[in-house]
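Structure assessment
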Amino acid sequence: MAFYSRVSGSVGMITLQNPPVNALSAAVRQGIVDTMHRALSEPEVKSVVICGQNGKFCGGADIREFGAKMTGPPLVPMVHLIEAASKPVVAAIEGIALGGGLELALSCHYRIAHSKARLGFPEVALGLLPGAGGTQRLPRLIGVPASLDLITTGRQVTAAEARQLGIVDEVTDLNAVDAAVKFAQSVADKSLDARRISTYPCPRPPDLDTIFERAMQQVRRSARGAIAPGTCVQAVHAAVTLPYAKGMERERELFSVLFNSGQARALQYYFFAQRAVSRWSTASGARWDTSKPRPVHKAAVIGLGTMGRGITVSLAQAGFSVVAVETQEKQLLEAKQAVSGMLERGAKRRGVPLAHDKIKYSCSVQAVADVDLVIEAVFEDMALKKTIFQQLSAICKPGALLCTNTSGLDIDELASQTQSPELVVGMHFFAPAHVMQLLEVVYGPRSCPEAVATAMQMGKKMGKVSVAVGNCRGFVGNRMLKLYLEQAFFLLEEGATPEQVDQVLEEFGFPMGVFKVSDLSGLDIGWKVRKADGLVLPAFTGTSARIRGGSRYSPLGDLLCEQGRFGQKTGKGWYQYDKPGGRVAKPDPWLFGFLEDYRAQHGLVARRIDHQEVLERCLYPLINEGFQILQDGIAAGPEDIDVIYVLGYGWPRHRGGPMFYASQVGLDKVVERLEHYQQIHPDVPGLQPCRLLRKLAAISNPAIHKWREVIQKPRSQL
Ligand code: 3H9
């Protein structure tokens, strides 16, 4: 709601009250309308200040209300009421003025911001556009190019930048509400004619068409199929080309298209999913609210390859003292140089404080004796990791947490090498570790709740979104990815090309198709793992070359590696590149010949595979594995899986994540298509719908937030 008070005799104060971010719920909107009328009717009141409780102006429309029927006064008439007021209205912006919150501020006649406040229009990230006049007022205030930047990207600006752009009138380091009250008193008698932004003409730059064409191209390039950014451009276009009232009509039409779209639903689901994963729980019943993290001041990283370097940078930038260990002197020197470069680039590009002095380098594992937490980041080699964990267990001080950055090996096996298996957890970072936002925190059956809580909190301090997952081969992300990769290989065997598969996946919204990603990360990585798993057999012909453990297996990746085609690094992989290390993928005629020979050798007849089959064959087995993961209790809920896929694997955010996508497609349809493909390819693994998926599909597609009720029932009942 909104609370009304009178300060200094003549200033009516409206305080928004809706924790945690004073979002504009129906009650708050009603409160603003009622208190505005009151302030305008009280003769003693000469001016009005609008502020938010608890140091936060307003986080925008209340997203929690979006799914329900609209009640209370709408936002647009509310902002018009404020702008049309006969008494000056001043916004006192502390903390945040976002989305509808900034629109509320723009309807006021003046804006005073605290120096630490952040302002912006993040609607685009929710699949929306600023729909309470933001697309029409902002361009009138700060011009078209700056408005396009803020509205299409959702970028938030500091108070200082807002002042520079002309969004706020004053910035203060002192109490912004007190400053606003003083300001309101000083302008009490001033004319408001020049203060109503809706009456301003919209600046019309001479190169208007070029600006909009460029903006459209830019959003098309980066949006990967998301419709909101382009629609934001159209709404700003209306501000320049139409009178205000007509522009508002256009804004309403465009907002309504977005609001009712599946993409907005997906993005809003994702907004809450990303927050829900911090309220983690484990299969053994440990929980975020009952488990206390241990203090960590000093951490160590063992192994300074690509991952170890990124983790070191991330830790140092988060303010931790780091001992970085690499036993080979030459590699230590190289790593030191690389880490310095990464820190400098971080400082230059993102303004992160330089943190060279936080890192001590050493060639000896003994140097980690006094740290609170170690992250092992050596090669994916179980024997090597086991030796390191034995050493760490002997060297580290009692109570130190021992973490591994393995991307899929057994945490429990590593824990069993130590004297305190309860202090062992996985911290699975994604490359490049100082950039990627995702951290899978993997708990083993013996990991104690404090160890999980500590790793989760460490991730948060490093600016990551941490997701707690159980221990199994590949954990959540890579376990599901295996199914996706396998299907892509099978599609090549059956007649598809890497370009065709990649194109379908890129049109779906992945930044890169599966084969381009494979070339980028290096085909040899998977090859090493498959070799260690005994899957790579010496070359021989016959059907057994394509069978492992009774299931169909495609050795295509292995055969490419045998040819030295490791991807970008060797200039050849699924595609060809102009040189080793080249980035631009070109179809390779050699590969077409190779695939033809391969098919001929194995008696496979190439067929035409359509777009839909490529998509369903790649995505549905991955989704099915997601349900199996839920069934096994490896992930607590669909949100965990979706956040992992969006942040770690390039799943398009506007499709919500694989589990949300499945809920939109319809679980019965996913089951039906999997069964269809299973009938045609009975030897292909991963096509049999799992019990949980079948069960949920059978109870007529419950909404995704209801799945947990089914999942949480004892597994025997699934
Ligand atoms: C809009 O305004 C449309 C209009 O243009 C037109 C309409 C016609 N509503 O992120 P945090 C909750 S669209 C409801 O962990 P932080 C959030 O769920 C809106 N709840 O904290 C969480 O709840 P819980 C445009 C909201 O400090 C808690 O607050 N506005 C809203 O890291 C804390 O959030 C946006 O898109 C909301 N609007 O970051 C702003 N916002 O504790 C979106 C937050 O139960 N919000 N909550 O998990 C944000 O960007 C960040 O939450 C914010 C705080 C920067 C505000």
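Quantities reported herein were computed from a predicted structural model and do not represent experimental measurements. (Residues numbered from 1 in each chain as written. Predicted model: local features only at pLDDT ≥ 70, side-chain atom pairs only at ≥ 80, totals over all residues. Heavy atoms only, no water.)

1. Remarks on the overall build of the protein chain
When you go through the protein chain residue by residue, the secondary structure sums to 28 helices and 19 strands. C-alpha extents for the protein chain along the principal axes are approximately 95 × 60 × 55 Å. The buried share among the 718 residues of the protein chain stands at 56%. Look at the contacts in the protein chain between residues 6 or more apart in sequence, and 73% of them connect residues 24 or more apart. Carbon together with sulfur atoms contributes 53% to the accessible area of the protein chain, which is approximately 30400 Å² in total. Treating the 81 positive side-chain charges of the protein chain as one cloud and the 69 negative ones as another, the clouds have centres 3 Å apart. (Helix = DSSP H or I, 4+ residues; strand = E, 2+ residues; numbered from the N terminus. Buried < 20%, exposed > 50% of the residue type's maximum accessible area, 1.4 Å probe, protein only. Contact = heavy atoms within 4.5 Å. Areas by Shrake-Rupley, 256 points an atom, 1.4 Å probe, with all protein chains shown as cover. Lys, Arg positive; Asp, Glu negative; His and termini not counted. Charge placed at Lys NZ, Arg CZ, Asp CG, Glu CD.)

2. Side note on the packing of helix 4 (residues 134–142) against helix 5 (residues 144–153)
Where helix 4 meets helix 5, the closest approach of the two axes is 7 Å, and the angle between their N-to-C directions is 140 degrees. In this view, helix 4 runs oblique relative to helix 5, as classed from their interaxial angle. The element helix 4 and its partner helix 5 pack so that their crossing is right-handed. Residues Gly 134, Thr 135, Leu 138, Pro 139 and Ile 142 of helix 4 form the contact with helix 5, whose own contacting residues are Val 144, Ala 146, Ser 147, Leu 150 and Ile 151. Taken together, the residues that form the contact of helix 4 with helix 5 break down as seven nonpolar, three polar and no charged. (Axes fitted to C-alpha atoms, helices over the stretch in contact; angles between N-to-C directions. Parallel < 35°, antiparallel > 145°, perpendicular 65-115°, else oblique. Left-handed = near helix turned anticlockwise from the far one by under 90°. Nonpolar A, V, L, I, M, F, W, Y, C, P; charged D, E, K, R; others polar.)

3. A closer look at the pairing of strand 10 (residues 298–302)
The buried count for strand 10 comes to four of five residues, which makes it a mostly enclosed element. Regarding topology, helix 12 (residues 306–317) serves as the crossover connection from strand 10 to the parallel strand 11 (residues 321–325), and that connection is right-handed. Bridge count for strand 10 against strand 13 (residues 373–376) is four bridges, and the pairing is parallel. Within strand 13, the residue paired with Ala 299 across the bridge is Leu 373. (Right-handed = clockwise from strand over helix to strand, strands pointing away. Pairing = 2+ DSSP bridges.)

4. Focus: unusual backbone geometry
In this structure, Pro 20 follows Pro 19 across a cis peptide bond, with omega equal to 5 degrees. By the secondary structure assignment, Pro 20 is in the loop between strand 2 (11–16) and helix 1 (26–41). Of note, the bond from Ala 431 into Pro 432 is cis; its omega dihedral lies within 30 degrees of zero at -10 degrees. Tracing the sequence through the fold places Pro 432 in the loop between strand 15 (424–429) and strand 16 (438–443). Phi at Ser 8 takes a positive value of approximately 50 degrees, unusual for a residue other than glycine. With respect to the element layout, Ser 8 can be found in the loop between strand 1 (2–7) and strand 2. One non-glycine residue, Asn 22, lies in positive phi territory at about 55 degrees. Turning to its location among the elements, Asn 22 is positioned in the loop between strand 2 and helix 1. We classify Asn 22 as buried; its relative accessible area is 2%.

5. Description of the site of the ligand
As a structural note, the neighbourhood of the ligand is formed by 27 residues, with Gly 59, Gly 100, Glu 103, Glu 123 and Arg 275 the closest of them. Expressed as a share of its isolated accessible area of 1000 Å², the protein-covered part of the ligand is 74%. Mapped onto the shell around the ligand, the elements with two or more residues apiece are strand 5 (96–98), helix 3 (100–107) and helix 11 (262–276). The element that contributes the greatest number of residues to the shell around the ligand is helix 11, accounting for three residues. (Near = heavy atom within 4 Å.)

6. What about the sheet that holds strand 2?
A sheet is described by the order of its strands in space; here six strands give the open sequence 1-2-3-4-6-9, paired in mixed fashion. Each end of this open sheet is capped by a strand with a single partner; those strands are strand 1 and strand 9 (170–172). Across the sheet, the mean angle from the axis of one strand to that of its neighbour is 20 degrees, orientation sign disregarded. Taken together, the three bridges between strand 3 (residues 47–52) and strand 4 (residues 89–93) define a ladder with parallel strand orientation. Within strand 4, the residue paired with Ile 50 across the bridge is Ala 91. Helix 1 rests against strand 1, strand 2, strand 3 and strand 4 of the sheet, and its axis sits at about 25 degrees to strand 1.

These figures come from the coordinates and say nothing about function on their own.
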